[in-house]
Amino acid sequence: MDFARLAEHFLRQRYGAIKHGPHQGIDASLRGESFVLFYLWRQDKSTLPSDISAAMNVSSARIAAALNSLEGKGLVTRRIDTADRRRVLIDLTPAGEALADQRHQELLKNTTRLLELLGERDAEEFVRIWDRLTEIAPQLRHLDKGT
């Protein structure tokens, strides 16, 4: 099989699809402030900025910028960990929880619509392949570093 040709076809299709369809919201949820909101919302506990950084695989400076913005919008709070005063804990505010829940519902609706458009067989296959990509993702980390 010519995997390079297949990859080129996939990328061409992916670039063309970026500006269309319900998956736009899905893609956006995996980046920036939206990701931080969803991450905190799913934790159900106070979280360290370093945990968010590790989950997103981005620098602590980028997380600090996102947290500053979210804090400015009244969506998160920072507080000193009473068990270890060197650590800062992040929590969602009630407004942050409400916004994360609202965005989750919108994302669920868009994802459901995307899967409906694929049809039952293709939707199940898409989710199966996505599960496989998630499974092999740790093996792909070196690709990000160009090695």
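A brief report on the enclosed structure follows.

Rules used throughout
Residues numbered from 1 in each chain as written. Predicted model: local features only at pLDDT ≥ 70, side-chain atom pairs only at ≥ 80, totals over all residues. Heavy atoms only, no water. Patch = residues over 30% accessible without salt bridge, like charges linked within 9 Å, V, L, I, M, F, W, Y side chains within 5 Å. Areas by Shrake-Rupley, 256 points an atom, 1.4 Å probe, with all protein chains shown as cover. Salt bridge = Lys/Arg side-chain N within 4 Å of Asp/Glu carboxyl O. Helix = DSSP H or I, 4+ residues; strand = E, 2+ residues; numbered from the N terminus. Buried < 20%, exposed > 50% of the residue type's maximum accessible area, 1.4 Å probe, protein only. Core = buried A, V, L, I, M, F, W, Y, C linked by side-chain atoms within 4.5 Å. Contact = heavy atoms within 4.5 Å.

**Remarks on a nonpolar patch on the surface**
There is a patch of nonpolar side chains on the surface, built from Leu118, Phe126, Val127, Ile129, Trp130 and Leu133 and spanning about 510 Å² of accessible area. Per-element accounting of the nonpolar patch gives the leading share, five residues, to helix α7 (residues 120–144). Within the fold, Phe126 resides in helix α7.

**Things to note about unusual backbone geometry**
Trans peptide bonds make up most of the peptide bonds, and negative phi angles are found at most residues other than glycine. For Asp44, which is not glycine, the phi dihedral falls at a positive 60°. Its location among the elements puts Asp44 in the loop between α3 (32–43) and α4 (49–56). Residue Asp44 is classed as exposed on the basis of its relative accessible area, which comes to 70%. In this structure, Asn57 takes a positive phi of about 60° despite not being glycine. Inspection of the secondary structure puts Asn57 in the loop between α4 and α5 (60–72).

**A short note on the nonpolar core**
Ranked by size, the top nonpolar core spans 16 residues in total, and within it Val36, Leu40, Ile52, Leu67 and Val76 carry the most contacts. Secondary-structure elements contributing two or more residues to this core are α3, α4, α5 and β2 (88–92). It is α3 that provides the largest number of residues to this core, a total of five residues. Filtering out sequence-adjacent residues up to four positions away, Val36 remains in contact with Ile52, Met56, Ile63, Ala66, Leu67 and Leu70.

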